[in-house]
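# Close look at the chain arrangement
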Amino acid sequence: MSWVAPLGGVMIGASTYLLMKDYGEILGISGMIHSTVQSLIKKQKVEVDDWWKVSFLSGMALSSMSAFITGGSFTNSFGVSQPSWQFIATGLLVGVGTRMANGCTSGHMLCGISRLSPRSFVATITFFGVALLTSQIFHTAPIEPIPSPPLSMLTIACLQLPFVLYFVPTGGLPYWHKEIGTGLLGSLFGGGLILTGMVNPSRVLGFMNLPIPTWPFTSHGGIWDPSLLWIIAGGIVPNMIAWRWMKSGRPTFSKLFKVPTRSVIDSRLVMGSVLFGLGWGWSGICPGPAIVATTATGSSLLSWLASFVVGGCLANAFL
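Along each chain, numbering runs from 1 in the same order as the chain's sequence is written. The predicted origin of the model limits local features to residues at a pLDDT of at least 70 and limits the giving and counting of side-chain atom pairs to 80 or more, whereas totals for whole chains, interfaces and linings rest on all residues. Only hydrogens and water are removed before side-chain values are computed, so all heavy atoms of the structure are retained for them.

Before going further, it helps to spend a moment on the environment of leucine 193. In this text, helices come from DSSP runs of H or I with a minimum length of four residues, and strands from runs of E with a minimum of two, each type numbered from the N-terminal end. Mapping leucine 193 onto the fold places it in helix 10 (residues 178-196). A sequence separation of 38 residues divides leucine 193 from isoleucine 231, and the C-alpha atoms of the two residues are 8.8 Å apart. Note on definitions: a residue-residue contact is assigned when non-hydrogen atoms from the two residues lie within 4.5 Å. The residues contacting leucine 193, other than those within four sequence positions of it, are Ile12, Met60, Met198, Val199, Gly288, Pro289 and Val292.

Next up, the structure:
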């Protein structure tokens, strides 16, 4: 079904747009995880203003569960055949890198570039460039085309349910309670990751094997998978347009837009992006897809996610 990936791109774009338009919040998955973990370590509790992050991440996990329940063979589409030590190594790299750079593909690429943030442009160019080179050096791109996830029409329909519930008549619960609304948006975002194929590391690594007729992209016979272009088409471009008129107003249910104000481009940003790019280009895994995939595959990606959390704690303590 050729329309599934474009639909996923629209879902990703809608969730990032609505989170900003209604609640004034940036959709940054690594930041949500790192800040929640640090709050638990330092204060043994989640701050009241941070519960929406827990709701959003839980919604992402729920999207994976609904896909698994209705799709049956959903867990077979991830292509996670990497050894355990590689999961641990790349999880640490991504954890340290995203903490140092204050963002990953969602915060910097999806939301930062949409706002024309200079820091996000530098971070994205750095981690994406390093990921491309790393993928070529380790020859991680698949040799054969990756089949689309075997999702039924029922699964695809269920993944649209959060969007419908978000706009139920007479305002609905999302308008009464931030945690409910952000939970639905997290589920919508997770569903978008599933439909675009970004939860499949092999598909991500295939996208990094760009069809450029020069070294190092001609060093082996891996295929190029263009399906992730729908994230750019559905997530970045529409939000770039929307932010132009949105920023002059205020969020629907908040007093202000909580966008990063730091503009300094320093070595910490660059080095963090390099480390993130190394881990991402080696494994094809970044924080958002890892949450969705871990929920469906269980232990096969749990070591990556645990290493990611440990990496963030190490960066916060020593770097």
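Before going further, it helps to examine the packing of helix 6 (residues 118-137) against helix 13 (residues 267-283). Fitted lines through C-alpha atoms give the axes, limited to the stretch in contact for helices. The angle between two N-to-C directions lies from 0 to 180 degrees. Direction vectors running N to C along helix 6 and helix 13 enclose 35°, while the axes themselves pass 7 Å from each other. For the pair helix 6 and helix 13, the crossing hand works out as right-handed. Taking contact as the criterion, the partners of Arg119, Val122, Ala123, Thr126, Phe127, Phe128, Val130, Ala131, Thr134 and Ser135 in helix 6 are, on helix 13, Leu269, Val270, Ser273, Val274, Phe276, Gly277, Leu278, Trp280, Gly281 and Trp282. Just so you know the grouping, Ala, Val, Leu, Ile, Met, Phe, Trp, Tyr, Cys and Pro go in nonpolar, Asp, Glu, Lys and Arg go in charged, and all remaining residues, Gly too, go in polar. Residues that form the contact of helix 6 with helix 13 fall into these classes: 13 nonpolar, six polar and one charged. In a left-handed crossing the near helix is turned counterclockwise from the far helix by less than a right angle, and in a right-handed crossing that turn is clockwise.

Moving on, we get to the packing of aromatic side chains. Each Phe, Tyr or Trp ring, with Trp reduced to its six-membered ring, pairs with another whose centre is within 6.5 Å; inter-plane angles below 30 degrees give stacked pairs, above 60 give edge-to-face pairs, and intermediate values give tilted ones. If you walk through the whole model with that rule in mind, you get 14 aromatic pairs. On the basis of an interplanar angle of 15° and a centroid distance of 5.8 Å, the ring pair of phenylalanine 276 and tryptophan 280 is categorised as stacked. Taken together, the residues phenylalanine 276 and tryptophan 280, both in helix 13 and four residues apart, mark about one turn of the helix. Of the two residues, phenylalanine 276 and tryptophan 280, both sit in the buried class. Judged by centre distance (5.6 Å) and plane angle (5°), the rings of tryptophan 304 and phenylalanine 308 are stacked. Within this pair, tryptophan 304 and its partner phenylalanine 308 are both found in helix 15 (residues 299-318), separated by four residues, close to a single helical turn. In terms of burial, tryptophan 304 and phenylalanine 308 fall into one category: buried. Pairwise contacts between aromatic rings join Phe127, Phe128, Phe207, Trp224, Phe276 and Trp280 into one cluster. Buried residues are those whose accessible area, probed at 1.4 Å on protein chains only, stays under 20% of the maximum for their type, while exposed residues exceed 50% and partly exposed ones sit between those limits.

As a further point, take unusual backbone geometry. Despite not being glycine, asparagine 102 shows a phi value in the positive range, around 55°. Here asparagine 102 is to be found in the loop between helix 4 (84-101) and helix 5 (105-112). In the Ramachandran plot, histidine 139 falls in the positive-phi region, its phi being about 50° despite a non-glycine side chain. Mapped onto the fold, histidine 139 is located in the loop between helix 6 and helix 7 (153-159).

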